Amino acid sequence: MNTYQKIQQEKHFGTPPDWVQIKTIDMHTGGEPLRVIVDGFPDISGGNVLASRRFVKENYDYLRTALMFEPRGHADMYGCLLLPPNDDSGDFGILFMHNEGYSTMCGHAIIAISTLAVEMQWIDVQEGDNVLKIDAPCGRITAYAQVKQGQVQGVRFHCVPSFVVGLDRQVNVPGLGTVTYDLAYGGAFYAYVDMRKNQFKFDLTPDSYQDIIGTGMDIKRAVMSEGEGIIHPYEEDLSFLYGTIFIGGPLQDSADSRNVCVFAEGEVDRCPTGSGVSGRMAIHHARNEIGEEPMHIESITGSVFKGSVVEEVQFGPHRAVIPQVEGTAHITGQHTFIIDPKDPMKNGFILR
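Figured I'd write up the structure that's included with this text. A quick note: this is a predicted structure, and the numbers were derived from the prediction, not measured.

### Structural notes on the overall build of the protein
- The secondary structure content of the protein amounts to 6 helices and 17 strands.
- Relative to its length of 352 residues, the protein is compact, with a C-alpha radius of gyration of 21 Å against a globular reference of 20 Å.
- Projecting the C-alpha coordinates of the protein onto the three principal axes gives extents of approximately 70 × 50 × 40 Å.
- Here the protein holds 352 residues, and the buried ones make up 55% of them.
- For the protein, the exposed area adds up to about 16000 Å²; of that, 47% sits on carbon and sulfur atoms.
- For the protein, the separation between the mean place of its 28 positive charges and that of its 45 negative charges on side chains is 4 Å.

Next comes the structure, spelled out in C-alpha cells:
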C-alpha cells in the first residue's frame, strides 16, 4: 500500500488525551463571523451571565485568545459561549468574545444563535415566529426566528432599553482636529460619527479599510479620554465605550444609510452592527427622524439590517426606546479545534 492509499484509509487524527478539544459551529450574519462554542469549554461558575463574563475573563481568557486569534482565528474573529439563563424564564445565556475581550451586547450574534437554535432544534420549532429569551451581559434580549416551511427566513430581536447620552458632542482628536459625534447606548456605548458633519479623506468602502480602522480608533481613544457620560445607570461593568460607528450615505438604492463600526481593538464589523443599529434607533427617535417604517441600514459588505422602534420606556434617568433589529444568518462550518499543550503558540497571536 502506497502513501496515497494510506491517506485514503486514515483521515482522522487521534487526539492525545492531554490535548484540549473544543467543538464549534461557525456562522456569519451579513458577513460578520460568529464561532459558536458547543463543546469542550470548561464549566463556568458565575450565577448570572454578567458574573460569568467576569469569571471567564479571570480564569479562561487563554481559551478566548486560542479560538479568536491566529492561527485558529484572525484579528476580526468573533465568538460566543452559551450559558444557563439568569432565571427559569429565559432560554439560555450568551457570552460574546472578540480580539479585545468580552462585549456586553452583539446583535449579529443574537440573529445567528437564534437561527442556529432552529436549525439544531434546540427549541420546539413551529411555523411563524419562534420566540427566544436570551440573557446577554447587558440584559434580556427577546428574539423572534421567523420560520416558513421549516426554514428560517430571518430573525428580529428586541434589544435592551437604548438611549442617547448626547447629540452633536465635540471632541478634539490629535491629527484630526475637532470631531462631531453622538453618544448613545444600544446594549453597548458607541460614538456615532456622521460623515456629513465631519471632513475625512476617506469613504466607507472596503478601499478605505485601514483609514477607517485608524480614524475610528483615534476617535474612540479621544472620547474615552474625556469619559463624560459613558455611564450605565445600573451596571459598572457596562460603562465603557465599545466602538466608533461611521454613518454615511448608502450605495444601494434600497438602503437608507450605511453603518461602518470599528470596535474592540480595531475590529471592523462586516455587518451593520445590531447593537449599533439599536443605538441609532434611539438617536433617530430623539431627533424625530423615524416613523413607523423601518430604516434599512447597510454595512461595508453591503449586507442590510432593518431597524425600527417598538416602544418608548424610561430607563433610569434616560428616556429610552426598545429597538427592533432584523437580519439573516447562515452556517459556514463545523470544527473541532485541538490545543497541543507543547505548542508555543497554543494561546494564539495576532498579526494585522
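What follows continues from the structure just given.
### So, the nonpolar core
- Counting residues in hydrophobic clusters, the biggest one holds 85 residues, and the most contacted among them are I110, I141, F157 and F246.
- Per-element accounting of this core gives the leading share, 8 residues, to helix α4 (residues 107-119).
- Once residues within four sequence positions are removed from consideration, F157 is found in contact with M105, G107, I110, I111, I141, T142, A143, G274, S278, P323, Q324 and V325.
- Membership of the second largest hydrophobic core comes to 19 residues, among which are L63, L67, L81 and L95.

### Quick look at the packing of aromatic side chains
- Evaluated as defined, the whole model comprises 16 aromatic pairs.
- Considering the side-chain rings of F163 and Y185, the 5.1 Å spacing of their centres and the 25° angle between planes classify their relative orientation as stacked. With F163 in strand β8 (residues 163-173) and Y185 in strand β9 (residues 177-185), this residue pair connects regions lying 22 residues apart in the sequence. With respect to class, F163 is no different from Y185; both count as buried.
- An aromatic cluster is defined as three or more aromatic residues linked by ring pairs; in this entry it consists of Y78, Y190, Y192, Y242 and F263.

Reading the values: the criteria
- Residues numbered from 1 in each chain as written.
- Predicted model: local features only at pLDDT ≥ 70, side-chain atom pairs only at ≥ 80, totals over all residues.
- Heavy atoms only, no water.
- Helix = DSSP H or I, 4+ residues; strand = E, 2+ residues; numbered from the N terminus.
- Rg over C-alpha atoms; globule rule 2.2 N^0.38 Å.
- Buried < 20%, exposed > 50% of the residue type's maximum accessible area, 1.4 Å probe, protein only.
- Areas by Shrake-Rupley, 256 points an atom, 1.4 Å probe, with all protein chains shown as cover.
- Lys, Arg positive; Asp, Glu negative; His and termini not counted.
- Charge placed at Lys NZ, Arg CZ, Asp CG, Glu CD.
- Core = buried A, V, L, I, M, F, W, Y, C linked by side-chain atoms within 4.5 Å.
- Contact = heavy atoms within 4.5 Å.
- Phe/Tyr/Trp six-rings, centres within 6.5 Å; stacked < 30°, edge-to-face > 60°.

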